[in-house]
Amino acid sequence: MNSRELIARRIAKEFKSGMVINLGIGIPTASANYIPEGVDVILQTENGGLRFGEAPRKGESDPDLGNAGGEPITMLKGSAAFDLSNSFVIIRGGHVDMTVLGALEVDQEGNIANWKIPGKYTPGMGGAMDLLVGAKKVIVALTHTNKEGQSKILKKCTLPLSAAKAVDLIITEKAVMEVTEKGLVLKEVAPGVSVEDVLKVTDADLIVPDDVKEMEI
């Protein structure tokens, strides 16, 4: 199992029946493939769709149906499609129970940077800013380190922020961490990963309780 699949599977464990959930571009969208059996959620894509499921099989996709990242999606029975303005009424109106977004950096205060690297072209913030302040719960899903092996889980973000103190939960291929008033708490470690392994590759200060669990995937 690669890092992307592991993170996506763990994200899906946060899904609860009845939730309206927005999935961001990248790893978060892959979690639609791992919705637990018996869990009925309403997945939202910010470009204008409610109630979609796992990605269609090769050759079965509809070119008119795609998520915000342009990836093909499968609309389910009872689904709805609408324009972008209505989509953001849902987001800004507080109707999204949870959003799962990718990030370039996240820090122990719950700050998130996920849209701009100075000196490099980026298409813009997209709907991230609205989702970060409009959703009731914010999960950040990202690889624990960058290509150089440097931590993306920081004491303080160095890149331009998308939102301040907005993040509730961080999921990587190594750990699950919760942002609390006391600090960043290590809740789970991935199978085969020790607490010490996580501490070695994390810049942020982690609070380590006695009952750190193994991640369920």
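Structure first, text after, so check above.
Okay, so let's go over this structure. If you're wondering where the values come from, they're calculated on a predicted model, not measured in any experiment.

Attention now goes to the sheet that holds strand S6 (residues 105-107). Strand pairs in the sheet, formed through backbone hydrogen bonds, run parallel or antiparallel to each other. Reading across from one edge, S7-S6-S9 is the order of the three strands in this open sheet, with mixed pairing throughout. Since the sheet does not close on itself, it has two edges, and those belong to strand S7 (112-113) and strand S9 (153-154), each with one partner. Note: S6 against S7, two bridges, orientation antiparallel. When the sheet's bridge partners are listed, Val-106 is paired in S7 with Ile-112.

A few words now on unusual backbone geometry. In the Ramachandran plot, Arg-51 falls in the positive-phi region, its phi being about 70° despite a non-glycine side chain. With respect to the element layout, Arg-51 can be found in strand S3 (residues 49-52). Non-glycine residue Lys-165 carries a positive phi angle of around 50°. Mapped onto the elements of the fold, Lys-165 is located in the loop between S9 and strand S10 (169-171). Under the relative-accessibility criterion, Lys-165 is labelled exposed at 62%.

As for its placement among the helices and strands, Thr-145 is situated in the loop between strand S8 (137-141) and S9. For Thr-145, the contacting residues outside a window of four places in its chain are Gln-150, Ser-151, Lys-152 and Val-201.

Once that is clear, we can look at the pairing of strand S1 (residues 20-23). Burial along S1 is two-sided: Val-20 and Asn-22 and Ile-21 and Leu-23, pointing in opposite directions, are all buried. In terms of strand pairing, S1 meets strand S2 (residues 42-45) through three bridges, oriented parallel. Note on S2: the bridge partner recorded for Val-20 is Ile-42. Here three bridges tie S1 to strand S5 (residues 98-101), and the two strands are oriented parallel to one another. Counterpart to Leu-23 in the pairing with S5 is Val-100.

Moving on, we get to the environment of Gly-49. The residue Gly-49 is located in strand S3 in this model. A residue is classified by how much of its surface remains accessible, and Gly-49, at 2% relative accessible area, is buried. Taking the C-alpha atoms as reference points, Gly-49 and Asn-22, separated by 27 residues in sequence, lie 10.0 Å from one another. Leaving out residues up to four positions away in the same chain, Gly-49 has contacts with Leu-43, Gln-44, Met-75, Ala-80 and Phe-82.

What counts and how
Residues numbered from 1 in each chain as written. Predicted model: local features only at pLDDT ≥ 70, side-chain atom pairs only at ≥ 80, totals over all residues. Heavy atoms only, no water. Pairing = 2+ DSSP bridges. Helix = DSSP H or I, 4+ residues; strand = E, 2+ residues; numbered from the N terminus. Buried < 20%, exposed > 50% of the residue type's maximum accessible area, 1.4 Å probe, protein only. Contact = heavy atoms within 4.5 Å.

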